[in-house]
Amino acid sequence: MGPFWWDGVERAPRPALPGPLSADVCVVGAGYTGLWTAYYLARAPELRIVVVEQRFAGYGASGRNGGWLVNSITGGRDRYVRTHGASAAHDLQAALNDTVDEVLRVVAAEGIDAGVARGGELTVATNDAQWARLQVAVAAEQRWGDTGVELLDSAAARARVAVPGLRGAAWQPHAARVQPARLVAGLARAAEGRAVEIYEDTAVTALRPGRVDTDRGPVTARFVVRATEGFTARLPGERRTWLPMNSSLIVTAPL
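None of these values were measured; they are calculated from a predicted model.

Participant: Teacher, can you tell me more about the overall build of the chain here?
Facilitator: Broken down by element type, the chain carries 6 helices and 11 strands. Expressed as lengths along the three principal axes of its C-alpha atoms, the size of the chain is roughly 65 × 45 × 35 Å. The buried share of the chain, reckoned over its 255 residues, is 39%. Counted over contacts in the chain with a minimum sequence separation of 6, partners at least 24 positions apart contribute 71%. Within the structure as shown, the chain displays about 14,000 Å² of accessible surface, and the carbon and sulfur contribution to it stands at 54%. Treating the 28 positive side-chain charges of the chain as one cloud and the 26 negative ones as another, the clouds have centres 4 Å apart.

Participant: Explain the sheet that holds strand 10 (residues 211-214) to me, please; I cannot follow it from the model alone.
Facilitator: Two strands in a sheet stick together by hydrogen bonds in their backbones, pointing the same way (parallel) or opposite ways (antiparallel). With respect to topology, 6 strands assemble into an open sheet ordered 8-2-1-11-10-9, the strand pairing being mixed. Because the sheet does not close on itself, it has two edges, and the strands there are strand 8 (197-199) and strand 9 (204-208). Strand-to-strand, the axes of this sheet are offset by a mean angle of 35 degrees, without reference to chain direction. Note: strand 2 (residues 49-52) against strand 8, 3 bridges, orientation parallel. Note on strand 8: the bridge partner recorded for V50 is E197. Contacting strand 1 (21-28), strand 2, strand 8 and strand 11 (219-226), helix 1 (residues 32-41) crosses the sheet at an angle of about 170 degrees to strand 2.

Cut-offs and rules
- Residues numbered from 1 in each chain as written.
- Predicted model: local features only at pLDDT ≥ 70, side-chain atom pairs only at ≥ 80, totals over all residues.
- Heavy atoms only, no water.
- Helix = DSSP H or I, 4+ residues; strand = E, 2+ residues; numbered from the N terminus.
- Buried < 20%, exposed > 50% of the residue type's maximum accessible area, 1.4 Å probe, protein only.
- Contact = heavy atoms within 4.5 Å.
- Areas by Shrake-Rupley, 256 points an atom, 1.4 Å probe, with all protein chains shown as cover.
- Lys, Arg positive; Asp, Glu negative; His and termini not counted.
- Charge placed at Lys NZ, Arg CZ, Asp CG, Glu CD.
- Pairing = 2+ DSSP bridges.
- Axes fitted to C-alpha atoms, helices over the stretch in contact; angles between N-to-C directions.

Next comes the structure, spelled out in structure tokens:
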């Protein structure tokens, strides 16, 4: 059924697409991207929103990630400064900070048991070279003044985490731990509570403007949202313009 995150998580199978239908919005993919999109669009009750998913809601990366909710800018801030300017990069960081708060707000408002623990993000250094780089990185972030990052000496770092050879650490508050399968399962139920229709076991075979072809029949919609992330790279239709490629995970004894 999936990775160990799903052990003990209640997941009632949803029906497949019953056949051809029409909607205002068709979202392809029932992971975080697709479900958050549907959840917020459902604030407009006049919209009929349909989500189609090849396996089950949260089957892909959303239900098998490392379980962290963090405000980091993928690829680093400097890349966005070069392409969009300092002001836009600052606005992006502020939005990512707010996103952590918003996810936790929705979890509380919808009663989602996602195993949330908000303790911030800790980056440790265990040798002199790492400590030197960490000090430079923290100083650079503090000049921006928008992440609340703090530099911790070895004593302050050891008060937070037990890592052999700890030289020091950086800590910033905009991060939390979540149980990803519980979060995505709860988000799917919350979206359905707003009248979003989720159809599982429905493979999309092609995308085109205003139409999603599936093995269960077509869905016609004024708007089609492709939320397949790293899956379906060969899916005919709208050309993928970007592909997320990030994997960072380590499992250790309790620290």
